Amino acid sequence: MASLDDDSHSSDWILELENAILEECSAADIYCICKGKALPETLRSEIWQICLDVRDKGNQLDQFNEVYDLPNQNVLREDCTSFVAKLGNDEEDRLSVTSDVESILTFYCKSRNIPYVRENGWMELLAPILTLKVPRSTTYNLFEAIRDTYIPQSCHSNGNAFHILRLLLLYHDPELCSFLDTKRIIPEQYCLSWFQSLFAATCNLEVVMNMWDNYFQQSDPFFIFFLSLIMVVNARDQIISMKDESREKIITCLTNMPCGLEADDVSDFCTLAQYYALKTPVSFRNDLVQSIYSDSASVSQALCLPVSVHELVENTTQETSNVDAVRFFLVDCRPIEHYNAGHSPNAFHLDCNLMLQEPSAFATAVQGLLSAQRQALAHKSNAGGEHLCFLGSGRNEEDQFTHMVVASFLQKHTQYVSLLSGGYIALHNYFADNLDVLHDHQPRSCIVCAPKYAMKSSQEPSKSVQSNDLFGKISAAMKSKSAEVKGKLIDYIVNPNGVGSVQERHVSSSDKIGKRYRNVAPVFSIDDDHDNMANVEQIDSDEKQELVQIQAYLKNPEIVEHFPCQEVKLNGFMYKSHLIVTKAELIVLREIPDMKGSAELIVKRPLSAIVKITARKRHPELITFKYGVPDGENLKISDMDRFLIPNADKATKVVSDQILMQLKAKE
Amino acid sequence: MIFCLSGRKMASRKKTLLKVIILGDSSVGKTSLMNQYVNRKFSNQYKATIGADFLTKELTVDDRTVTMQIWDTAGQERFQSLGVAFYRGADCCVLVFDVTAPNTFKSLDSWRDEFLIQASPREPENFPFVLLGNKFDLEPRAISSKRAQQWCQSKNNIPYFETSAKDGLNVEQAFMTIAKNALAQQNSAVDLYNEFPDQIKLTNTQKSNSNGDSCAC
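This is a predicted model, so every value here is computed, not measured.

## Points about the pairing of strand β3 (residues 64-73) of chain B
Residue and element names in this part refer to chain B. With eight of 10 residues buried, β3 is to be regarded as a mostly interior element. Sheet topology places strand β1 (residues 16-23) next to β3; seven bridges connect them, and they run parallel. Across the sheet, the residue bridging to I22 is D72, located in β3. Strand direction decides the pairing type here: strand β2 (residues 52-61) and β3, joined by 10 bridges, are antiparallel. Bridging from a neighbouring strand, T56 pairs with Q69 of β3. Where β2 folds back on β3, the antiparallel hairpin that results is connected by two residues, among which D62 adopts a positive phi of roughly 50 degrees.

What follows is the structure, encoded as structure tokens:
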């Protein structure tokens, strides 16, 4: 690899550079002139100071009291001596250089209040700076600036910096990442010294100088991640061919990879790193890098690179002429009823439940997805991109399945896989003021809107003064509880859809309200057997319900028994209710949260309409009443109610007894 | 005319799904065991599982056809927070260790505890676990049968199998036990609420009073 600089023009840019130094200029100006090229030796120290913005720092060492009393001062002194001995200075210089190095590092420890730790990369980082032969104070300033700006703060054992590098590797080369995971090689084992010393520890001096020239001009603190990424990706064939070698051998090979770099390679190396940076979602910088400073586990446990809603939206709405830039292809993995209650207009729907229930249909759907992606790319559609961004609901209950889907793509070594941070909820919140952007948005069944929606409708009929706040709290509590139940129900979902209908669903951007349950089994088939329930519609009437006083109502002599319970709706919401059994009817009263003692009369069901009572084996307290008529061999279920009844055994017994009595009476 | 519908015909058509979770340290052979059982395939090449994976197998247990959904989790620490979400709703938990690697045996307690915390089954002390000591074909042996069995006894008599995912030793038997115990777990839970036998009573009532065509079944 040879540098492609055109020598005939070399003097021009150097002249320009010299002029720039005389005037006020910034790192950006320098980059415009040099375009990342290696700097002439005579100008290097000046330009580094400009780029690192330390020209006005003055002599910070003035504040140093020259007291060398660090807890492990002798270790530091020893290290300084042996380090300077390797630099090859003249005998007479050596002592003064050694004392300078010790002063600089001692003061750095003291001013930052951090201990000196052997092999922390400081010596290696100092070496290139020392060759500039600048005054001690300048050396200190440069050292300080490089450490502060360019060395990832969390590059210690198990630091997030390394988890981020792994995620980047997974994004660009999942196969290689999986290979290293399998070998149990984690980035810190091979790139700790790269990070700590900005490659100074592993590359020869000329390479380091050229690389740093480029680095400081770019003034991109995240560049180290991409340089390291290129190092690894570039060696992929060699690494994978070592599949039968020991882990240690592979680590050594990787660690020493930068040693092979030559001065001529540097510009190609940096260009390549820039290219990869361009092909990486930027959320990684904004979101992930924040976590470098905190040591949150989210990075270390992330399944793949996260993408922020902001980036996704910007990306899909803006045109770009750059063919290499990141373009997303959004894959909505939520269950069908969530998708039908609102989705991004650009989303391709891939139902995560399909994966579990109908693996072959899922495989077909994935093929459909890939071909839709190819088509979108061919048509240069805004919705089309190489980068697959998966979208879950943002709630753990459903997202565990979303993660399964993402994992399946990663297992197939699919490149450019990311996950939208916060899922649909985040997307919904982002558009909170302009929900029209979402297609088919149904506030009534939308997981974000529905609780608020329920609040509105319950306020209308009673017209009394109600505190939204209280209701909000209660509904939030109920929601979290219902979510839990839902999580347990979800693995019993039945999906009778054949392969054919899968494709049909994916063009569902234009699906209309009435079609919501077309061809779709009720999602919460409450028990394990499969009734013919295609006709069950979620009946949520808008009519004003009869308002009653609970205590007074219960005095009705017709009432056999009443059970406090929670009514569980298909969408998972729960309402504090009373199930009342009379001689001929089942009555549901729903408490009004802000009107103590009052309730809405939700429904009256004739006992004779009950065709089935079921409980879940894991939730014996969750009881479903199904209403309908026999239809041939099957039941034709026309409606159902579901309750969480603390005293379920008794309730079902009372209801059954009443039905029996009714039957007997008829006989 | 009503309750006959929920009678036996429905029950016989009922499809039973068993969810089985395989847990254990990285590289003890969880994926290999699953692959040997479902696909009868084995590869010597270890490959870390990304996130989680699953396979299904239909089998017959006591004349009943059941579908076993086997969830293979990643043993590597990196993915563990993702894995725990899958524990819920499991009917049986299979713990795997490597008989040649003592550390994988030592981890069993924490895997078991983690499972019980995350899955929070109704009766933790009676939840079915099965222990598999894998890589039986390899030498040298680090954990004796006796030691493994002692552990099992201390945990309310967990069944123990020494398996080899490589040559298939005991794999079939182990999974049959897993299926049986998972099924027993489901059935016992069902019995709990079936304390309202009215359904059956009603069916009988129905039969006695309607020989005519009012009931279609």
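## Here we look at the nonpolar core
One recurring pattern in soluble globular proteins: nonpolar side chains tend to sit buried together. All names here are of chain A. Counting residues in each nonpolar core, the largest one holds 186 residues, and the members touching the most others are M211 and W212. The element that contributes the greatest number of residues to this core is helix α12 (residues 223-234), accounting for 10 residues. The residues touching W212, leaving out its near neighbours within four places in the chain, are W48, L125, P128, I129, I146, S197, L198 and A200.

## Examining the sheet that holds strand β3 (residues 348-349) of chain A
Residues and elements named next belong to chain A. Ordered by their spatial adjacency, five strands build an open sheet running β1-β5-β4-β2-β3, and the pairing between neighbours is parallel. This sheet does not close on itself; its edge strands, each paired only once, are β1 (305-307) and β3. When strand β4 (residues 387-391) meets strand β5 (residues 417-420), the two strands line up parallel, connected through three bridges. Paired with C389 across the strands is S418, a residue of β5. Against the sheet, helix α22 (residues 359-378) touches β2 (328-332), β3 and β4, its axis set at about 150 degrees to β2.

## Quick word on the state of the cysteines
Under the definition given, this model contains zero disulfides over all chains. No disulfide involves C270 of chain A; its sulfur sits 10 Å from the nearest other cysteine sulfur, which is in C203 of chain A.

## Quick word on the UniProt feature "domain: Rab-GAP TBC" (unreviewed entry) in chain A
The positions that UniProt labels "domain: Rab-GAP TBC" (unreviewed entry) are, in the present scheme, residues 38-219 of chain A. What you have in residues 38-219 of chain A is 65% helix and 0% strand, and the ends, taken at the C-alpha atoms, are 15 Å apart.

## With respect to the packing of aromatic side chains
Residue and element names in this part refer to chain A. Taken as a whole and assessed by the stated rule, the structure comprises 37 aromatic pairs over all chains. A centroid spacing of 5.7 Å and a plane angle of 50 degrees characterise the contact between W212 and F216, whose relative ring orientation is tilted. Remark: F216 and W212 occur in helix α11 (residues 205-218); sequence separation between them is four residues, near one turn of the helix. A single burial state applies to W212 and to F216, both of which are buried. An aromatic cluster is built from F64, Y68, F107, Y108, Y116, W122, Y140 and F143, whose rings are joined through pairwise contacts. The ring of F409 carries K412 above its face, with NZ or CZ at 4.8 Å from the centroid. When the ring centre of Y575 is taken as origin, the NZ or CZ atom of R590, which lies over that ring, is 3.8 Å away.

The rules behind these values
- Residues numbered from 1 in each chain as written.
- Chains lettered and ligands numbered in written order.
- Predicted model: local features only at pLDDT ≥ 70, side-chain atom pairs only at ≥ 80, totals over all residues.
- Heavy atoms only, no water.
- Buried < 20%, exposed > 50% of the residue type's maximum accessible area, 1.4 Å probe, protein only.
- Helix = DSSP H or I, 4+ residues; strand = E, 2+ residues; numbered from the N terminus.
- Pairing = 2+ DSSP bridges.
- Core = buried A, V, L, I, M, F, W, Y, C linked by side-chain atoms within 4.5 Å.
- Contact = heavy atoms within 4.5 Å.
- Axes fitted to C-alpha atoms, helices over the stretch in contact; angles between N-to-C directions.
- Disulfide = S-S within 2.5 Å.
- UniProt positions renumbered as here; feature names shortened; annotations may be inferred.
- Phe/Tyr/Trp six-rings, centres within 6.5 Å; stacked < 30°, edge-to-face > 60°.
- Lys NZ or Arg CZ within 6 Å of the ring centre and 35° of its normal.

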